[in-house]
Amino acid sequence: MEALQKYLAELHETCKQASQTQTSILPLIGDIKSICFHEIEPSNLSLCTDILVTSEIGILSFLQKTCNRKDIPKREEVAHFFHEYVQYMRYRQFPYAEYVVCSLMSLFRREQASNTVRNAFLSPVNSILQHYHDTINPALLGVTPPPTPVFSNSTLSASGAANTASSGQGVREMVDTLMREFITVRGSVQSLKSTILCILGSLAEYFPDDVEYKIQALSPLFLDTLQGQFKAKKQDQRLIAGALEGLCSLLMCFPSVVTSPAAVKNKVLQHLYMYIRASVNLPEKLARYDVPRAALKMLGKHSYILREYCVEDCKHLYDCITTLCLHTNKVLRGLAYDALDAFLVEVAAELTRQRRDPSADRETFSYFIMKFWSMLSQSSRVSDIAIATRVC
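A brief report on the enclosed structure follows.

About the criteria used
Residues numbered from 1 in each chain as written. Predicted model: local features only at pLDDT ≥ 70, side-chain atom pairs only at ≥ 80, totals over all residues. Heavy atoms only, no water. Salt bridge = Lys/Arg side-chain N within 4 Å of Asp/Glu carboxyl O. Helix = DSSP H or I, 4+ residues; strand = E, 2+ residues; numbered from the N terminus. Buried < 20%, exposed > 50% of the residue type's maximum accessible area, 1.4 Å probe, protein only. Polar contact = N/O pair within 3.5 Å; in protein donor to acceptor, adjacent residues only side chain to side chain. Phe/Tyr/Trp six-rings, centres within 6.5 Å; stacked < 30°, edge-to-face > 60°. Lys NZ or Arg CZ within 6 Å of the ring centre and 35° of its normal.

Once that is clear, we can look at the pattern of salt bridges. Using the criterion set out here, one finds 20 salt bridges in the structure. Among the salt bridges present, the one from Arg-307 reaches Glu-346, with a minimum N-O distance of 2.8 Å. Pair noted here: Arg-307 is in helix α18 (residues 307-312) and Glu-346 is in helix α20 (residues 330-353), with a separation of 39 residues, a long-range link. Take Glu-346: its relative accessible area is 11%, and that puts it in the buried class. Several salt bridges share partner residues, and in doing so they unite Glu-308, Glu-312, Glu-350, Arg-353, Arg-355, Arg-356 and Asp-361 into one network.

What follows is about the environment of Asp-290. Looking at where Asp-290 falls in the secondary structure, it is placed in helix α17 (residues 290-302). Considering only alpha carbons, one finds Asp-290 and Ile-240, 50 residues apart in sequence, at a separation of 8.6 Å. For Asp-290, the side chain forms a polar contact with the side chain of Arg-288, separated by 2.7 Å. There is a polar contact of 2.4 Å between the side chain of Asp-290 and the side chain of Arg-293.

The next thing to look at is the packing of aromatic side chains. Counting across every chain of the model gives 11 aromatic pairs. Relative to Tyr-85, the ring of Phe-81 has its centre 6.3 Å away and its plane inclined at 45°; by these criteria the two rings are tilted. Of this pair, Phe-81 and Tyr-85 are both found in helix α5 (residues 75-88), 4 residues apart, which corresponds to roughly one turn of the helix. Each member of the pair Phe-81 and Tyr-85 is classed as buried. Pairing Tyr-367 with Phe-368 gives two aromatic rings, centres 5.2 Å apart and planes at 75°, and the pair type is edge-to-face. With respect to burial, Tyr-367 and Phe-368 carry one shared label: buried. In textbook terms, an aromatic cluster arises when at least three aromatic residues are bridged by ring pairs, as seen for Phe-37, Phe-81, Tyr-85 and Tyr-88. Stacked on the ring of Phe-182, the Lys or Arg Lys-193 has its end atom at 4.9 Å from the ring centre.

Shown next, in the form of structure tokens:
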């Protein structure tokens, strides 16, 4: 740990030498990453977390000292490292989840110098909510950090107990703050808006009782963003991906936002399917896969909501999904197989409902049988066999 503390101390020294910061921050972060991810034994990761989170020379302390410091460039790289560390720890205990969320939300509100830095503050928040929601006490969340770290699943100290006075109030403060920022933020903000939508969706999925009060105002943020982006001449892929991911999380507990009578009247579900359909139909040249990943997640988790549209458009959708099942990107390929499984289950369920004309059901059934037989008889690729088995 001595080497880690040495580099952290040097990182804090850059606050006093702003003119040299640009050339010194990045190498220091590289050294800290190397130690945390490659040199520290798994048994010592708890001590490493203690140092990064609570120490006076820790990462959170550095972010607090440099908040709004325009004379220190590349501050966001420090927050990016912390995000990577949170993801690295996702299968291990992380006792400071609430404290870190509150601290980063506080920094997000205080930071006015750079939207890039603000977005970097929020990224670890969403990862913590996704990885540690089972152990998070929502009464300890909020936009103001407690005076001392409060451990999850432990007896609250006097400083932490005050935060439990109103269970869920902190979550509501987070929702209100993020919604207000989404609406009012100006400048180069698409990445920031995308991250905000993801966090709002996560809060709705993991703490639905505390978010329900705002659901009527919250759901239009996702749906209106998607509608505006797909109508725009120049689409922003980051914002589309954030809206799809956030909406996917929201629908886990609030499917009525797209299935209620009012939503049916406004064809919300039809529009949503068209957005997903367009997102999984990849153009030839695509640098990032955030949008198709988000659309495949939506299909994997919510195909049951889109069942009727999936069946009516099954040939096109099947071709798009199976194409992605063969993609070189491993994450995209895995999500495509999950989406294919869910899609085929819903197609089978719809065919047994006898809602459509019998000849249409027979045609759909014959289409998939022919696809299945063609793959088994003409292809020896493992990927084709895997797809054919699913169709069967």
